[in-house]
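One letter stands for each residue in the lines below.
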Amino acid sequence: STPSLLILPGDGIGPEVMAEVVKIIDWYGEKRDLKFDVTMDLVGGAAYDKHGVPLADETMAKAQEVDAVLLGAVGGPKYDVLDFSVKPERGLLRLRKEMDLFANLRPAQCFDALADFSSLKKDVVAGLDIMIVRELTSGIYFGEPRGIITEGNERVGINTQRYTESEIRRVAIAAFELAMKRGKKLCSMEKANVMESGILWREVVEEVAKDYPEVAVSHMYADNGAMQLVRAPKQFDVIVTDNLFGDILSDCAAMLTGSLGMLPSASLGAPMENGRPKAMYEPVHGSAPDIAGQGKANPIACILSFAMALRYSFDQGDEATRLETAIEKVLADGVRTGDLLADEGVTPVSTSGMGDAIIAALDAS
Ligand code: NAI
Ligand code: MG
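Cut-offs applied
- Residues numbered from 1 in each chain as written.
- Chains lettered and ligands numbered in written order.
- Predicted model: local features only at pLDDT ≥ 70, side-chain atom pairs only at ≥ 80, totals over all residues.
- Domains from an automatic or database assignment.
- Contact = placed C-beta atoms within 7 Å.
- Helix = DSSP H or I, 4+ residues; strand = E, 2+ residues; numbered from the N terminus.
- Nonpolar A, V, L, I, M, F, W, Y, C, P; charged D, E, K, R; others polar.
- Near = placed C-beta within 6 Å.
- Buried ≥ 20, exposed ≤ 12 C-beta atoms within 10 Å, placed from the backbone.
- Pairing = 2+ DSSP bridges.
- Axes fitted to C-alpha atoms, helices over the stretch in contact; angles between N-to-C directions.
- Parallel < 35°, antiparallel > 145°, perpendicular 65-115°, else oblique.
- pLDDT = per-residue confidence, 0-100.
- Left-handed = near helix turned anticlockwise from the far one by under 90°.
- Expected span 1.5 Å × (residues − 1).
- Arc of directions from axis to C-beta.

Along its sequence, the protein is carved into domain 1 (1–108 + 259–365) and domain 2 (129–255). Between the C-alpha centres of domain 1 and domain 2 there is a distance of 26 Å. The partner domain 2 presents 17 residues to the 18 residues of domain 1 that form the contact. The set of elements that each furnish at least two residues to the side of domain 1 that touches domain 2 consists of strand E4 (103–109), strand E11 (264–271) and helix H10 (300–312). With six residues, the top contributor of residues to the side of domain 1 that touches domain 2 is E4. Looking at side-chain class alone, the side of domain 1 that touches domain 2 contains twelve nonpolar, three polar and three charged residues.

Printed below as a string of structure tokens:
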């Protein structure tokens, strides 16, 4: 049956960058006979304006039903005054929570043409293509007990790192499945030297590894992992780690490759009946109110999020590579949105100009 997609453009530059993704989806339908059953709907401030809530129940139900959700961005100054219960972010949080998206995928991919943008030496990052899988729904951000208590005559701040083996197992399985679709190499990061949850994490990853004999598994203490990510990031393919370490390591890895306008992400949940994981794909960036409505936004982060959907939800790895190669070519040709401009001499293209250039490169592929 035709794969289904729910598209939620959201607010600010969300609809602008998503319009370019829609062009690309149409291209796949026309030129590659790869068709999607697309539903468009509202999220965030846009949903609040229409329904008084940042995510309508019908939209939530649809998200549970489709093969993948593609989201632009939510939020903006207009909504900053709203009560917390109806803030745009709550739409996003509801999707993540009710779909139980426990595995957050953050690739760090370096396009050669942009290697100069990295804060690292060009040869350290050129051709970099790694994926960090961060556990997203448990760990120290959620563990009980938590709070600030008084002990004797001083206050104590408490958070608890707590992982059940099933929580570790499901994110480990998601990471191994990804590794099978990539370079078959997985590095698990924790601090088993000082943390009980780290010892259990390592044990459970080893257990899951038995089901994936083709994947080369290694373990690394997360602090060393941070060092290695900056020293020699190309040694990694897939990295799996907990919520706290993943928060830090994925931000660190993201900056190996440059602009926020280039960074895609995905969040995966449990496999559905058809074997595909519940999934939501979105750029890392927000609604960028400072440039919204001006046609300046870089659509590549959102387009790369769709490429991830092709690869990880729809088993279209070759088509995902086709799209990434088209982007690579456009960048190599010097086409740049404003956020990617290093020198003054180059005139930036608009959001739709970038989308059109990518379509032209697809046509030539
Ligand atoms: P932001 O990511 O929206 O913008 C940060 C800076 O990067 C801005 O200068 C912006 O112009 C630039 N930028 C971001 N994406 C770009 C793109 N595709 N092309 C070119 N330049 C780009 O983060 P900020 O400013 O902290 O937040 C703005 C709003 O977005 C807030 O309401 C925030 O709550 C929301 N937000 C939403 C997220 C989401 O929907 N997942 C994530 C982060 C923030
Ligand atoms: Mg962070």
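Further remarks concern the site of ligand 1. Near ligand 1 you find 22 residues, and of these Gly75, Gly261, His285, Gly286 and Asn298 are the closest. By residue class, the composition of the shell around ligand 1 is eleven nonpolar, seven polar and four charged.

This brings us to the pairing of strand E5 (residues 129–135). Looking down a regular strand, the side chains alternate between one sheet face and the other. Burial within E5 is extensive, with six of its seven residues counted as buried. Sheet topology note: the E4/E5 ladder contains seven bridges and is antiparallel. When the sheet's bridge partners are listed, alanine 103 is paired in E5 with glutamate 135. Sheet topology note: the E5/strand E10 (residues 238–241) ladder contains four bridges and is parallel. What sits directly across from valine 133, in E10, is valine 240.

We now examine the packing of helix H8 (residues 222–231) against helix H9 (residues 243–254). Where H8 meets H9, the axes come as close as 10 Å, and the angle between the chain directions of the two elements is 5 degrees. Between H8 and H9, the crossing angle belongs to the class labelled roughly parallel. Residues Ala222, Gly225, Ala226 and Leu229 of H8 lie in contact with H9, whose contacting residues are Phe245, Leu249, Cys252 and Ala253.

All of the buried residues in helix H4 (residues 88–98) are Pro88, Arg90, Gly91, Leu92 and Leu95. If you follow the buried residues of H4, they end up packed against helix H2 (45–51), helix H3 (57–65), strand E3 (68–73) and strand E12 (277–283). Looking one or two places after H4, you find aspartate 100, whose phi comes out positive at around 55 degrees.

Attention now goes to unusual backbone geometry. Each neighbour pair has its own omega, and for glutamate 144 with proline 145 the value is 0 degrees, a cis peptide bond. Note that proline 145 resides in the loop between E5 and strand E6 (147–151). One non-glycine residue, lysine 184, lies in the positive phi region at around 55 degrees. Relative to the helices and strands, lysine 184 is located in the loop between helix H6 (165–181) and strand E8 (185–190). A residue is classified by how many C-beta atoms lie within 10 Å of it, and lysine 184, with 15 of them, is partly exposed.

Relative to the assigned elements, valine 74 resides in the loop between E3 and H4. Considered as a pair, valine 74 and alanine 47 are 27 residues apart in the sequence and their alpha carbons are 9.9 Å apart. Excluding anything up to four places from it in sequence, valine 74 contacts Gly10, Asp11, Gly14, Val43, Gly44, Gly45, Pro88, Glu89, Gly91, Leu92 and Ser287.

The next subject is the confidence of the model for the protein. This prediction gives the protein a mean pLDDT of 95; 99% of its residues lie at or above 70. Here the predicted complex scores 0.93 on pTM and 0.98 on ipTM.

Now for the packing of helix H1 (residues 14–31) against helix H12 (residues 351–363). Orientation of H1 relative to H12, taken along the N-to-C sense of each, is 20 degrees, at an axis distance of 9 Å. Accordingly, the angle class assigned to the pair H1 and H12 is roughly parallel. Considering how the two elements wind past one another, H1 and H12 form a crossing that is right-handed. The residues of H12 that touch H1, namely those facing Glu16, Val17, Glu20, Lys23, Ile24 and Trp27, are Thr351, Ser352, Met354, Gly355, Ile358, Ile359 and Leu362.

A few words on the sheet that holds E12. Pairing is mixed across the open sheet formed by ten strands, whose spatial order is E2-E1-E3-E12-E11-E4-E5-E10-E8-E9. Strand pairing shows two members of the sheet lacking a second neighbour, strand E2 (37–40) and strand E9 (216–221), which therefore form its edges. In this sheet, neighbouring strand axes are inclined to one another by 20 degrees on average, regardless of whether the strands run parallel or antiparallel. Judged from the two bridges that link them, E3 and E12 form a sheet pairing that is parallel. Within E12, the position partnered with valine 69 by the bridge is methionine 280. Across the face of the sheet, helix H7 (residues 196–209) comes into contact with E8 and E9 while running at roughly 160 degrees to E8. Sitting on the sheet, H10 touches E3, E11 and E12, and the angle it makes with E12 is about 160 degrees.

Side chains of E10 alternate between two faces, with Val238 and Val240 and Ile239 and Thr241 buried alike. Bridge count for E8 against E10 is four bridges, and the pairing is parallel. Of the residues in E10, the one forming a bridge with serine 188 is valine 240.

Attention now goes to helix H11 (residues 317–332). Between its first and last C-alpha, H11 extends 22 Å over 16 residues, near the 22 Å set by a 1.5 Å rise per residue. Those residues of H11 that sit buried are Ala320, Leu323, Ala326, Ile327, Val330 and Leu331. An end-on view of H11 places all buried positions within 135 degrees of arc, on one side of the element. Each element contacted by the buried residues of H11 is listed here: H1, H10 and H12. One or two positions beyond H11, positive phi appears at glycine 334, with a value near 90 degrees.

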